[in-house]
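This is what each chain is made of:
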Amino acid sequence: MPNNPFDRLPEVPSFTLTSETVADGGAFETPQYSGAFGVPGGEDVSPQLSWSGAPEGTQSYAVTMYDPDAPTGSGFWHWAVANVPATTTELPLGAGSVAGDLLPEGAFQLPNDARAAQYIGAAPPAGHGEHRYFLTVHALDVADIGVPTDATPAFLGFNMATHILGRATIVVTGKIDD
């Protein structure tokens, strides 16, 4: 897969990630697109996610959504959640709301590349072609990844680099016609 954001990171075991909202290799439904970026019908509703089979020793998770195809030279982080307790194996539909009230206790959302601490849905520029969105659950060997609540998703990734025990990813596509 071209421009895979995990190609340059150390290989780690995989585990299972599923969703009632999106399918690996499938396309986002309208509610998962970004209303904040003016996509018609977009509601910025984060998809439901469930995971299982995380490696032994997992003490917490981080959840991210990244678009490596954004026309920025650095991609675009749409969502980042840190300090998800190891006892959690699901985030419900809409967990990425501004309020974050559906997140488990102790978890928090970092500001995305739009500087909003919430899920920002898919928003590929019209006519830019299909974009891929990597929804990833990272199993970590620490209960608290030690990043401030105003950190960037890239800083989260830097701090996770030596703590990742496993990774589960669903790649979903989005496209806006001319």
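Look up a bit, the structure's there.
Structure report, in brief. Model, not experiment: these values are computed from the prediction.

Let's shift gears to the nonpolar core. Among the nonpolar cores identified, the biggest contains 27 residues, and Phe28, Trp51, Val63, Trp79 and Leu135 are the most heavily contacted of them. The element best represented in this core is strand β7 (residues 131–140), accounting for four residues. For Val63, the residues in contact, after removing those within four places along its chain, are Leu49, Trp51, Trp79, Ala80, Val81, Val84, Leu91, Thr136 and Val137. With 13 residues, the next largest nonpolar core counts Leu140, Ile145, Ala151 and Met160 among its residues.

The calculated volume of the largest pocket comes to roughly 490 Å³. At the level of elements, β3 (60–67), β7 and α1 (153–160) are the ones that each hand at least two residues to the lining of the largest pocket. In terms of residues, the lining of the largest pocket owes the most to one element, α1, which gives five residues. Broken down by class, the residue content of the lining of the largest pocket amounts to 14 nonpolar, nine polar and one charged.

Under the defined criterion, the tally for this structure stands at eight aromatic pairs. Relative to Phe134, the ring of Phe6 has its centre 6.2 Å away and its plane inclined at 75°; by these criteria the two rings are edge-to-face. Taken together, the residues span a long stretch of sequence, with Phe6 in the segment before β1 (16–18) and Phe134 in strand β7 at a distance of 128 residues. As far as the burial class goes, Phe6 and Phe134 line up, both buried. Three or more aromatic residues joined by ring pairs form one cluster here, namely Phe15, Trp51 and Tyr61.

A word on the side chain of His78. Looking at the element boundaries, His78 is found in strand β4 (residues 76–85). Overall, His78 belongs to the buried group, its relative accessible area being 3%. Here the side chain of His78 touches Ile120 through a polar contact of 2.8 Å, landing on its backbone oxygen. When residues no more than four places from it in sequence are discounted, the contact partners of His78 are Met65, Asp67, Asn112, Gln118, Tyr119, Ile120, Gly121, Ala122, Ala123 and Tyr133.

The buried count for β4 comes to nine of ten residues, which makes it a mostly enclosed element. Relative to β4, β3 runs antiparallel, the two being bridged by seven bridges. For Tyr66, the partnering residue across the bridge sits in β4 and is Trp77. Pairing of β4 with strand β6 (residues 108–109), which is carried by two bridges, proceeds in the antiparallel orientation. Within β6, the residue paired with Ala82 across the bridge is Phe108.

Neighbouring strands of a sheet are bound in pairs by backbone hydrogen bonds; such pairs are parallel or else antiparallel. Strand order in the open sheet formed by five strands is β6-β4-β3-β7-β8, with antiparallel pairing between adjacent strands. Each having just a single partner strand, β6 and β8 (164–174) make up the two edges of the open sheet. Bridge analysis of β7 against β8 gives ten bridges, and the strand direction is antiparallel. The partner of Phe134 across the bridge, within β8, is Val171. Lying on the sheet, α1 is in contact with β3, β4, β7 and β8; it crosses β4 at an angle near 50°.

Basis of the calculations
Residues numbered from 1 in each chain as written. Predicted model: local features only at pLDDT ≥ 70, side-chain atom pairs only at ≥ 80, totals over all residues. Heavy atoms only, no water. Core = buried A, V, L, I, M, F, W, Y, C linked by side-chain atoms within 4.5 Å. Buried < 20%, exposed > 50% of the residue type's maximum accessible area, 1.4 Å probe, protein only. Helix = DSSP H or I, 4+ residues; strand = E, 2+ residues; numbered from the N terminus. Contact = heavy atoms within 4.5 Å. 1 Å grid on protein atoms, 1.4 Å probe; cavity = no way out; pocket = protein on both sides within 12 Å on 5 of 7 lines; lining within 4 Å. Points joined across faces, edges and corners; volume = space filled by probe spheres on them. Nonpolar A, V, L, I, M, F, W, Y, C, P; charged D, E, K, R; others polar. Phe/Tyr/Trp six-rings, centres within 6.5 Å; stacked < 30°, edge-to-face > 60°. Polar contact = N/O pair within 3.5 Å; in protein donor to acceptor, adjacent residues only side chain to side chain. Pairing = 2+ DSSP bridges. Axes fitted to C-alpha atoms, helices over the stretch in contact; angles between N-to-C directions.

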